[in-house]
Amino acid sequence: ETGVTQTPRHLVMGMTNKKSLKCEQHLGHNAMYWYKQSAKKPLELMFVYSLEERVENNSVPSRFSPECPNSSHLFLHLHTLQPEDSALYLCASSQEQGGAEKLFFGSGTQLSVL
Amino acid sequence: GEDVEQSLFLSVREGDSSVINCTYTDSSSTYLYWYKQEPGAGLQLLTYIFSNMDMKQDQRLTVLLNKKDKHLSLRIADTQTGDSAIYFCADLLNTGFQKLVFGTGTRLLVSP
């Protein structure tokens, strides 16, 4: 079993649909992240949760709504998305302890918005 | 804001050394990282270096840091076809909350 598991691996949705991405980490970490990966662009940090509280939201549109019910689970709720939101969405976790911040990533959800 | 820049593509022959370069702009970087992404997978941490070091070696990987020029490089010795992947440079900013800023990634293609 991998440390960070994301489901589904692939998702195709219409602009009027509502869907959710799920992430689960089995590493005992206390911080979780959502990143967006688009072709030829740097990874964009979307949300950070530390000890289940949101500590950073990089001006992400409200059509993306994160939820962190406990330190092991992270969701990204999607509604009324746009075609430009098509991308690979990566979840990551880390153990915040000062010093080097080592992120462990899931395999991502490849999202296509039609 | 912080910028981390990498060239987009590098092609080498199997057995050669690969050198992937990265530049960053932030002066308060504490740690710098190299991550590897294989097709269909997430990013995997390869190695990292503390900002007061100028070199770190880990088996076939050598990281060089020139803090004055804000330049980071990753050298892969005896490159294998299995090293073909996208390599991301990342910079840890200490802005009250520790935050990783990634580059665009360098796609390494290793040909037999």
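A quick note: this is a predicted structure, and the numbers were derived from the prediction, not measured. (Residues numbered from 1 in each chain as written. Chains lettered and ligands numbered in written order. Predicted model: local features only at pLDDT ≥ 70, side-chain atom pairs only at ≥ 80, totals over all residues. Heavy atoms only, no water.)

Caption draft 1: View of the overall build of chain B. On a plain count of helices and strands, chain B comes out with zero helices and eleven strands. In sequence order, the secondary structure elements of chain B are arranged as β-β-β-β-β-β-β-β-β-β-β. With respect to the principal axes defined by its C-alpha atoms, chain B has extents near 45 × 30 × 20 Å. Relative to its 112 residues, chain B shows a buried fraction of 46%. By sequence separation, contacts in chain B at least 24 residues apart represent 55% of the contacts at least 6 residues apart. Just so you have it, chain B exposes about 5,400 Å², and 49% of that area is on carbon and sulfur atoms. Placing the 10 positive and 13 negative side-chain charges of chain B at their respective mean positions leaves the two points 1 Å apart. (Helix = DSSP H or I, 4+ residues; strand = E, 2+ residues; numbered from the N terminus. Buried < 20%, exposed > 50% of the residue type's maximum accessible area, 1.4 Å probe, protein only. Contact = heavy atoms within 4.5 Å. Areas by Shrake-Rupley, 256 points an atom, 1.4 Å probe, with all protein chains shown as cover. Lys, Arg positive; Asp, Glu negative; His and termini not counted. Charge placed at Lys NZ, Arg CZ, Asp CG, Glu CD.)

Caption draft 2: Geometry of a nonpolar patch on the surface. Taken together, L8(B), F9(B) and L109(B) make up a surface patch of nonpolar side chains, about 290 Å² in accessible area. A residue is classified by how much of its surface remains accessible, and L8(B), at 45% relative accessible area, is partly exposed. (Patch = residues over 30% accessible without salt bridge, like charges linked within 9 Å, V, L, I, M, F, W, Y side chains within 5 Å. Salt bridge = Lys/Arg side-chain N within 4 Å of Asp/Glu carboxyl O.)

Caption draft 3: Fine view of the state of the cysteines. Tallying each qualifying case throughout the model produces two disulfides over all chains. For C23(A), the disulfide goes to C91(A), at an S-S distance of 1.9 Å. Taking the torsion about the sulfur-sulfur bond, which here is approximately -75°, the covalent link between C23(A) and C91(A) counts as left-handed. On the criterion of sequence distance, the pair formed by C23(A) in strand β3 (residues 18–25) and C91(A) in strand β9 (residues 87–94) is long-range, its members being 68 residues apart. Among the residues examined, C91(A) registers a relative accessible area of 0% and is labelled buried. Residue pairing for C22(B): its cysteine sulfur links by disulfide to C89(B), the two sulfurs lying 2.0 Å apart. (Disulfide = S-S within 2.5 Å.)

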